[in-house]
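# Per-entry structural report
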Amino acid sequence: MLNDPETLNELCGLVIIQEFTNIIWGFSLLGCERVPEKWSNKIFHWVKYLTFMPSILLFYGIWYGQMFLFNTFIEYSFSHLSLVTAMVLPVAALALMELMRLIFRERDRRILAVMHLEFLLVVPSVFLPVAADAELISEPAENFTPDALITLGISGVIVIISSLIFTIYNKNKYRKALSCHK
């Protein structure tokens with residue numbers, strides 16, 4: 001279904017529109033953005049909860065995951081794998097929701113975590129069509145070495161570790177600030 005570059009471009013465009021809309025509604029839900037008086041009616045009040053609508057990528061991810069399971073476990077029928085997927089995914093979603101509730105106790109912190117996840121979903125959808133079409137590079141690199149891949153991997157690990165350190169530092173700073181105000 002996504003082997004056509006035009007379909008991939010359209011899907012990525014839809015994902016970008018949906019994720020940025022979710023980010024806007026999410027910040028509105030947090031109260032970081034003041035709503036004009038002409039918009040402050042009951043419809044606008046309920047529309048901002050569309051932030052919690054799942055991403056379009058979720059459906060394609062489930063579909064591709066199901067195809068992967070079907071190709072991996074060839075001794076099982078597609079209907080059995082579909083049944084297992086239909087039973088496991090809601091339980092996994094509930095477990096993830098409860099895990100998020102344990103990690104981020106306040107509602108505002110959970111909403112901010114969702115907003116950060118939205119940004120992480122936007123980045124691949126921006127660059128995926130370029131990677132699929134390979135339009136960025138006109139001819140393949142002749143001097144590509146494994147060292148470049150190792151450098152990229154090390155850079156990724158450094159970014160992940162520094163992100164974790166920054167998150168832990170901010171959590172501790174936030175807890176100390178709360179304990180001082182009590």
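Residues numbered from 1 in each chain as written. Predicted model: local features only at pLDDT ≥ 70, side-chain atom pairs only at ≥ 80, totals over all residues. Heavy atoms only, no water.

## Things to note about the overall build of the chain
When its secondary structure is counted, the chain shows six helices and zero strands. In the chain, the succession of helices and strands from N to C terminus is α-α-α-α-α-α. Relative to its full complement of 182 residues, the chain shows a buried share of 16%. For the chain, contacts bridging at least 24 residues in sequence account for 66% of all contacts bridging at least 6. (Helix = DSSP H or I, 4+ residues; strand = E, 2+ residues; numbered from the N terminus. Buried < 20%, exposed > 50% of the residue type's maximum accessible area, 1.4 Å probe, protein only. Contact = heavy atoms within 4.5 Å.)

## Describing the pattern of salt bridges
Tallied over the entire structure, the rule returns one salt bridge. For Arg-101, the salt bridge is made with Glu-98, and the minimal N-O distance between the two is 3.7 Å. Placement of the pair is Arg-101 and Glu-98 together in helix α4 (residues 78-103), with a separation of three residues, close to one helical turn. Among the residues examined, Arg-101 registers a relative accessible area of 40% and is labelled partly exposed. (Salt bridge = Lys/Arg side-chain N within 4 Å of Asp/Glu carboxyl O.)

## Details of the side chain of Gln-66
Structurally, the position occupied by Gln-66 is in helix α3 (residues 56-72). Those residues within four positions of Gln-66 in sequence are excluded, and the remaining contacts are Phe-78, Ser-82 and Thr-85.

## Observations regarding the packing of α3 against α4
Between α3 and α4, the least distance of the axes is 10 Å, while the angle of their chain directions is 135 degrees. With respect to their mutual orientation, α3 and α4 come out oblique. The handedness of the crossing between α3 and α4 is right-handed. Here Ile-62, Gln-66, Met-67, Leu-69 and Phe-70 of α3 lie close against α4, whose contacting residues are Phe-78, Leu-81, Ser-82, Thr-85 and Leu-89. For the contact of α3 with α4, the residue count by class is seven nonpolar, three polar and no charged. (Axes fitted to C-alpha atoms, helices over the stretch in contact; angles between N-to-C directions. Parallel < 35°, antiparallel > 145°, perpendicular 65-115°, else oblique. Left-handed = near helix turned anticlockwise from the far one by under 90°. Nonpolar A, V, L, I, M, F, W, Y, C, P; charged D, E, K, R; others polar.)

## Concerning a nonpolar patch on the surface
Residues Leu-96, Leu-99 and Ile-103 make up a contiguous nonpolar surface patch of about 260 Å² in total accessible area. Using a relative accessible area of 37% as the deciding quantity, one classes Ile-103 as partly exposed. (Patch = residues over 30% accessible without salt bridge, like charges linked within 9 Å, V, L, I, M, F, W, Y side chains within 5 Å. Areas by Shrake-Rupley, 256 points an atom, 1.4 Å probe, with all protein chains shown as cover.)

## As for the packing of aromatic side chains
The final tally for this structure, using the stated rule, is three aromatic pairs. Aromatic pair Phe-70 and Phe-78: ring centres 5.3 Å apart, planes at 85 degrees, arrangement edge-to-face. Residue classification places Phe-78 among the partly exposed residues on the basis of a relative accessible area of 33%. The lysine or arginine in question, Lys-171, covers the ring of Phe-104, its NZ or CZ lying 5.2 Å from the ring centre. (Phe/Tyr/Trp six-rings, centres within 6.5 Å; stacked < 30°, edge-to-face > 60°. Lys NZ or Arg CZ within 6 Å of the ring centre and 35° of its normal.)

## Overview of the confidence of the model for the chain
This prediction gives the chain a mean pLDDT of 77; 76% of its residues lie at or above 70. Of all helices and strands in the chain, the one with the weakest mean pLDDT is helix α2 (residues 42-47) (65), whereas α4 scores best (87). (pLDDT = per-residue confidence, 0-100.)

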